[in-house]
Amino acid sequence: MVVEHLTFDVPVDELAEWLRHEEAHWSRFLERQDGFVRKEMWRSIDDPTRIHAVIWWASMGQWEAIPEHDLARVAEAMGAHERTPVCERLEVIRDR
(Lines give C-alpha, C1' and ligand atoms only; values in the text may rest on other atoms or scores of the structure.)
Protein backbone atom coordinates (compact mmCIF):
# COMPACT_ATOMS: atom_id res chain seq x y z
CA MET A 1 0.00 0.00 0.00
CA VAL A 2 1.18 3.52 -0.75
CA VAL A 3 0.04 6.93 0.44
CA GLU A 4 -0.13 10.09 -1.61
CA HIS A 5 0.34 13.08 0.69
CA LEU A 6 -0.56 16.41 -0.93
CA THR A 7 -0.13 19.76 0.81
CA PHE A 8 -2.11 22.75 -0.44
CA ASP A 9 -2.01 26.42 0.51
CA VAL A 10 -5.62 27.62 0.79
CA PRO A 11 -6.55 30.96 2.38
CA VAL A 12 -8.89 30.45 5.34
CA ASP A 13 -11.62 32.62 3.77
CA GLU A 14 -11.58 30.40 0.63
CA LEU A 15 -11.46 27.04 2.40
CA ALA A 16 -15.17 26.17 2.44
CA GLU A 17 -15.61 26.93 -1.27
CA TRP A 18 -12.37 25.16 -2.19
CA LEU A 19 -13.42 22.05 -0.25
CA ARG A 20 -16.78 21.98 -2.06
CA HIS A 21 -15.04 22.03 -5.43
CA GLU A 22 -12.36 19.56 -4.35
CA GLU A 23 -15.03 17.14 -3.14
CA ALA A 24 -17.14 17.48 -6.28
CA HIS A 25 -14.25 17.03 -8.70
CA TRP A 26 -11.13 15.40 -7.28
CA SER A 27 -12.73 13.17 -4.63
CA ARG A 28 -15.41 11.83 -6.97
CA PHE A 29 -12.81 11.20 -9.69
CA LEU A 30 -10.39 9.41 -7.36
CA GLU A 31 -13.12 7.18 -5.92
CA ARG A 32 -13.68 5.74 -9.40
CA GLN A 33 -10.02 4.79 -9.92
CA ASP A 34 -8.74 1.24 -9.69
CA GLY A 35 -6.67 0.84 -6.53
CA PHE A 36 -8.16 3.80 -4.63
CA VAL A 37 -8.58 2.86 -0.96
CA ARG A 38 -9.54 6.03 0.91
CA LYS A 39 -8.93 9.75 1.26
CA GLU A 40 -8.81 12.13 4.21
CA MET A 41 -8.46 15.91 4.30
CA TRP A 42 -6.52 17.41 7.21
CA ARG A 43 -5.86 21.01 8.23
CA SER A 44 -2.72 22.04 10.06
CA ILE A 45 -3.37 23.25 13.59
CA ASP A 46 -0.22 25.38 13.45
CA ASP A 47 -1.05 26.94 10.05
CA PRO A 48 -4.74 26.81 9.07
CA THR A 49 -3.89 27.72 5.47
CA ARG A 50 -2.06 24.39 5.05
CA ILE A 51 -4.44 21.66 3.90
CA HIS A 52 -3.29 18.06 3.56
CA ALA A 53 -4.93 15.43 1.38
CA VAL A 54 -3.91 11.93 2.47
CA ILE A 55 -4.86 9.36 -0.17
CA TRP A 56 -4.30 5.61 0.19
CA TRP A 57 -3.70 3.46 -2.88
CA ALA A 58 -3.54 -0.33 -3.08
CA SER A 59 -0.36 -0.10 -5.17
CA MET A 60 1.93 2.45 -6.79
CA GLY A 61 1.23 0.84 -10.16
CA GLN A 62 -2.50 1.46 -9.88
CA TRP A 63 -1.96 5.05 -8.80
CA GLU A 64 0.50 5.74 -11.62
CA ALA A 65 -1.80 4.08 -14.20
CA ILE A 66 -4.23 7.01 -14.10
CA PRO A 67 -3.90 8.71 -17.50
CA GLU A 68 -2.41 12.22 -17.44
CA HIS A 69 -5.18 13.53 -19.70
CA ASP A 70 -7.79 12.41 -17.13
CA LEU A 71 -5.91 14.26 -14.37
CA ALA A 72 -5.70 17.36 -16.56
CA ARG A 73 -9.44 17.22 -17.22
CA VAL A 74 -10.22 17.18 -13.48
CA ALA A 75 -7.77 20.03 -12.84
CA GLU A 76 -9.50 22.03 -15.58
CA ALA A 77 -12.91 21.35 -14.02
CA MET A 78 -11.63 22.84 -10.75
CA GLY A 79 -11.12 26.14 -12.58
CA ALA A 80 -9.90 28.99 -10.37
CA HIS A 81 -10.04 26.66 -7.35
CA GLU A 82 -7.27 24.39 -8.67
CA ARG A 83 -4.14 24.55 -6.51
CA THR A 84 -0.72 23.06 -7.22
CA PRO A 85 0.20 20.93 -4.21
CA VAL A 86 3.48 19.74 -2.84
CA CYS A 87 3.37 15.96 -3.27
CA GLU A 88 5.08 13.34 -1.19
CA ARG A 89 4.80 9.61 -1.89
CA LEU A 90 4.92 7.33 1.13
CA GLU A 91 5.13 3.58 1.43
CA VAL A 92 3.26 1.91 4.29
CA ILE A 93 5.76 -0.26 6.17
CA ARG A 94 3.72 -0.77 9.35
CA ASP A 95 0.09 0.01 10.06
CA ARG A 96 -0.14 -0.76 13.77
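Residues numbered from 1 in each chain as written. Predicted model: local features only at pLDDT ≥ 70, side-chain atom pairs only at ≥ 80, totals over all residues. Heavy atoms only, no water.

> Sorry, what's going on with the overall build of the protein chain here?
When helices and strands are counted, the protein chain shows three helices and four strands. When its helices and strands are written in sequence order, the protein chain yields β-α-β-β-α-α-β. Since a compact globule built from 96 residues should have a radius of gyration of about 12 Å, the 14 Å found for the protein chain is in line with a globular shape. Along the longest, intermediate and shortest principal axes, the C-alpha atoms of the protein chain span 35 × 35 × 20 Å. A total of 96 residues make up the protein chain; the buried ones form 31% of that total. Of the contacts formed within the protein chain by residues at least 6 apart in sequence, a portion of 69% connects residues at least 24 apart. A total of about 6400 Å² of accessible surface is found on the protein chain, and carbon and sulfur atoms cover 52% of it. Of the charged side chains in the protein chain, 12 are positive and 20 negative; the average position of the first set lies 4 Å away from that of the second. (Helix = DSSP H or I, 4+ residues; strand = E, 2+ residues; numbered from the N terminus. Rg over C-alpha atoms; globule rule 2.2 N^0.38 Å. Buried < 20%, exposed > 50% of the residue type's maximum accessible area, 1.4 Å probe, protein only. Contact = heavy atoms within 4.5 Å. Areas by Shrake-Rupley, 256 points an atom, 1.4 Å probe, with all protein chains shown as cover. Lys, Arg positive; Asp, Glu negative; His and termini not counted. Charge placed at Lys NZ, Arg CZ, Asp CG, Glu CD.)

> Just to check I follow, could you spell out a nonpolar patch on the surface for this structure?
Residues M1, V37 and V92 make up a contiguous nonpolar surface patch of about 220 Å² in total accessible area. Relative to the helices and strands, V37 resides in strand β2 (residues 36-43). (Patch = residues over 30% accessible without salt bridge, like charges linked within 9 Å, V, L, I, M, F, W, Y side chains within 5 Å. Salt bridge = Lys/Arg side-chain N within 4 Å of Asp/Glu carboxyl O.)

> Got a minute to help me understand the packing of aromatic side chains in this structure?
Each pair of aromatic rings is reported with the distance of its centres and the angle of its planes. Per the stated rule, a full pass over the model turns up four aromatic pairs. Consider the rings of F36 and W57, whose centres lie 5.8 Å apart with planes at 80 degrees: the pair is edge-to-face. Of the two residues, F36 is situated in strand β2 and W57 in strand β3 (residues 50-57); the sequence distance between them amounts to 21 residues. You can call W57 buried: its relative accessible area is 0%. Taking the centre distance of 6.3 Å and the plane angle of 0 degrees together, the rings of W57 and W63 count as stacked. (Phe/Tyr/Trp six-rings, centres within 6.5 Å; stacked < 30°, edge-to-face > 60°.)

> In this structure, what is going on with the layout of surface pockets? I would like to understand it.
Over the atoms a probe the size of a water molecule is rolled, and this reveals where empty space is left. Quantified by volume, the largest pocket comes out at close to 480 Å³. Lining the largest pocket are 23 residues, and of these E4, L6, W26, W63 and L71 lie nearest its centre. At the level of elements, β1 (2-9), α1 (15-31), β3, α2 (60-64), α3 (68-78) and β4 (86-91) are the ones that each hand at least two residues to the lining of the largest pocket. (1 Å grid on protein atoms, 1.4 Å probe; cavity = no way out; pocket = protein on both sides within 12 Å on 5 of 7 lines; lining within 4 Å. Points joined across faces, edges and corners; volume = space filled by probe spheres on them.)

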